[in-house]
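Per-entry structural report
Residues per chain, in single letters:
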Amino acid sequence: MAHSPARITILGLNFAPEPTGIAPYTTSLARGLHQRGHRIRAISAHPHYPDWKIADGYGGWTKQELHNDVPLTRVLHYVPARPSGIRRLFSEVTFGVRTLFARWEKPDVVILVSPALISSAIAMLRVRWGFRRPASAVWIQDIYSLGIVETGAGGSRVAGILGATERWTARSATGVAVIHTRFKDYLVKRLSVPGDRVEVIRNWTHLPPSPEVDRTAERARLGWGENEVIVLHAGNQGTKQALENVVDAARLADRDGAPVRFVLLGGGSQREQLGRLAAGVERIQFIDPLPEGEYQRVMASADVLLVNEKAGVAEMAVPSKLTSYFSTGLPVVAATDAQSVTAGEIEASEGGLRIDAEDPAALVAVAVSLGADSERAARLGAAGKRYREAVLAEDAAIDHFDTWLQSLAARNTARINR
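Residues numbered from 1 in each chain as written. Predicted model: local features only at pLDDT ≥ 70, side-chain atom pairs only at ≥ 80, totals over all residues. Heavy atoms only, no water.

**Digging into the sheet that holds strand β12 (residues 304–308)**
Rule in force here: Two strands pair if DSSP finds at least two bridges between them. Comment: elements are numbered from the N terminus, with helices defined as DSSP H or I runs of at least four residues and strands as E runs of at least two. Convention adopted: a line fitted to C-alpha atoms gives each axis, helices being fitted over their contacting stretch, and angles between N-to-C directions are expressed from 0 to 180 degrees. Residue contacts follow a heavy-atom distance rule, with two residues in contact if any of their heavy atoms lie within 4.5 Å.
If you walk across this open sheet you meet the 6 strands as β11-β10-β9-β12-β13-β14, and the pairing is parallel. Since the sheet does not close on itself, it has two edges, and those belong to β11 (284–287) and β14 (352–355), each with one partner. Here the average twist between neighbouring strands, direction ignored, is 25°. In the sheet, strand β9 (residues 229–234) pairs with β12 via 2 bridges, with the strands oriented parallel. Paired with leucine 232 across the two strands is leucine 305, which belongs to β12. Sitting on the sheet, helix α8 (residues 244–256) is in contact with β10 (260–265), β11, β12 and β13 (332–335), with an inclination near 155° to β10.

Here is the structure:
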């Protein structure tokens, strides 16, 4: 398709400088589309994730920025200190109301990033019933209604309401982008979204290539022993991650004298609780969120990178950390259910090993095994890196978005001109 610059407004709760989750993807999509000649505007909240408090230097009812030459409007919304249940719902509602009345600048296409589902649904009201009706693209990173069921965060009534909201929002859109084929299957089969409206566009590795690291010096700086196997979990520490499993594994390693240290890098709603649970446990370490360059150095200095999921989490999400993990050349261990999306990614990439979710003894055993078999660890790490280069390239993904968004704009124009 010939290039035709479009006016695109992106509505998403998360944006840089938030280091984890969806923010890096929303930010790099905005930058990439701008570099391809489109007129991009982003509307987001003040940085608050994963710590659930507004970052220093931010705040105020509305704040205008220029981020990588992209105009960015930040709006104040309710940020709960403990993001659960009704508080999190109200947080999304307040952001949705703010985006409903924000200046969208007459876009040809509006991209609604979900999560946050509720705010995306509110914004969809303006798309459908506003004076000017642009094309709408819903970009689904997590399946909300499945998340409620799989994490046990709400009952069947809540899941039903969210499922209906998700169905209406997706069916109301000109097109829906999902990050995995299993998400598309769910939308088509369970939410009755027409298959020709759903596009699979994989998330990409948003970090630059791993820097050259003096592992010996970096490990010494971090207090890591020369003969310790460092198992590092990077990213959000929330309910879905069920990191109590890691604390239990560290406690077992203490008991057995295993040469393993578990490192939890990042923050999140469960961070304080995990710290209390780990009191007195020697073989666990917490590191607060780090700037991108330092984050990469710490990650590259580990021996094993960990994805840890709550038992029962199977379909709701593809862990965004995998795209970063595969760039390091280190082996990945996924503590997850055998039928999960994450397990499928590990199998497809051949970049790691899967163990059962919430089995701390298995986690200790696989860490010791990989630490003792450097050839196998290197082979797995190399396979993950190849997968990253072949499947998770940023330019290919944003080119795909570029073509798809232009097709939505053209489809919407044809509808208006009928």
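**Re the domain arrangement of the chain**
Stated formally: Note that the domain bounds reflect an automated or database-derived domain assignment. A quick way to say it: buried area is the sum, across both parts, of accessible area lost when two parts are put together, with a 1.4 Å probe. What counts as a salt bridge is simple: a side-chain nitrogen of Lys or Arg found within 4 Å of a carboxyl oxygen of Asp or Glu. Residue type decides the class: Asp, Glu, Lys and Arg count as charged, Ala, Val, Leu, Ile, Met, Phe, Trp, Tyr, Cys and Pro as nonpolar, and the leftover types, Gly among them, as polar.
Partitioning the chain into domains gives domain 1 (7–204 + 393–417) and domain 2 (215–392). Counting residues at the interface gives 23 residues for domain 1 and 27 residues for domain 2. At the boundary of domain 1 with domain 2, total buried surface from both sides reaches about 2,000 Å², with 53% on carbon and sulfur atoms. For the interface between domain 1 and domain 2, the tally reads 2 salt bridges. Elements supplying a minimum of two residues to the side of domain 1 that touches domain 2: α4 (144–151) and α6 (181–189). Broken down by element, the residue count for the side of domain 1 that touches domain 2 peaks at 4 residues, all from α4. Of the residues assigned to the side of domain 1 that touches domain 2, the class counts are 11 nonpolar, 6 polar and 6 charged.

**Thoughts on the environment of arginine 41**
In plain terms, the rule: Buried residues are those whose accessible area, probed at 1.4 Å on protein chains only, stays under 20% of the maximum for their type, while exposed residues exceed 50% and partly exposed ones sit between those limits. Two N or O atoms count as a polar contact when they lie within 3.5 Å, although within protein this holds only if one can serve as hydrogen donor and the other as acceptor, and sequence-adjacent residues are included solely when both atoms are side-chain atoms.
Looking at the element boundaries, arginine 41 is found in strand β2 (residues 39–45). According to the relative accessible area criterion, arginine 41 is buried, its value standing at 18%. If sequence neighbours within four positions are ignored, arginine 41 has contacts with Ile8, Thr9, Ile10, Gln64, Pro71, Thr73, Arg103, Trp104 and Glu105. Among the polar contacts made by the side chain of arginine 41, one reaches the side chain of threonine 73 at a distance of 3.3 Å.

**Details of unusual backbone geometry**
The linkage connecting serine 114 with the following residue, proline 115, adopts the cis geometry, with an omega of 0°. Mapped onto the elements, proline 115 comes out in the loop between β5 (109–114) and α3 (117–129). Here the amide bond leading from proline 115 into alanine 116 is cis, since omega sits at 15°, within 30 degrees of zero. Looking at the secondary structure, you find alanine 116 in the loop between β5 and α3. Here tryptophan 52, not a glycine, exhibits a phi torsion of approximately 55°, which is positive. Tracing the backbone through its elements, the reader meets tryptophan 52 in the loop between β2 and β3 (62–67). The phi dihedral of glutamate 350 falls on the positive side, at around 60°, and the residue is not glycine. On the secondary structure map, glutamate 350 appears in the loop between α12 (341–349) and β14. Judged by its relative accessible area of 56%, glutamate 350 is exposed.

**A few points about empty space enclosed by the protein**
Heads up, the rule is: Points on a 1 Å grid over protein atoms alone make up a cavity when a 1.4 Å probe fits among them but cannot get out, and a pocket when they form an open set with protein on both sides within 12 Å along at least five of seven lines; lining residues each have an atom within 4 Å of a point. Grid points are joined across faces, edges and corners, and a volume is the space filled by probe spheres set on the points.
One pass over the full model with this rule turns up 4 cavities of 30 Å³ or more. Volume-wise, the largest cavity comes out at about 70 Å³. Taken together, Tyr25, Ile179, Arg202, Asn203, Val318, Pro319, Ser320, Leu322, Thr323, Phe326, Glu345 and Leu392 form the lining of the largest cavity. For the lining of the largest cavity, the per-class residue count stands at 7 nonpolar, 3 polar and 2 charged. Three or more residues apiece are contributed to the lining of the largest cavity by two domains, here domain 1 (7–204 + 393–417) and domain 2 (215–392). Grouping the constituent residues of the lining of the second largest cavity by class yields 6 nonpolar, 3 polar and no charged.

**A word on the sheet that holds β3**
If you trace the 8 strands from one edge of the open sheet to the other, you get β3-β4-β2-β1-β5-β6-β7-β8, paired in mixed fashion. Strands at the two margins of the open sheet, each flanked by one partner only, are β3 and β8 (198–200). For this sheet the average axis-to-axis angle between neighbouring strands, irrespective of direction, equals 20°. Relative to strand β6 (residues 135–140), β5 is paired through 6 bridges, and the arrangement is parallel. Bridge pairing links leucine 112 to valine 138 in β6. Sheet strands touched by α3: β1 (7–11), β5 and β6. Its angle to β5, the strand with the most contacts, is close to 160°.

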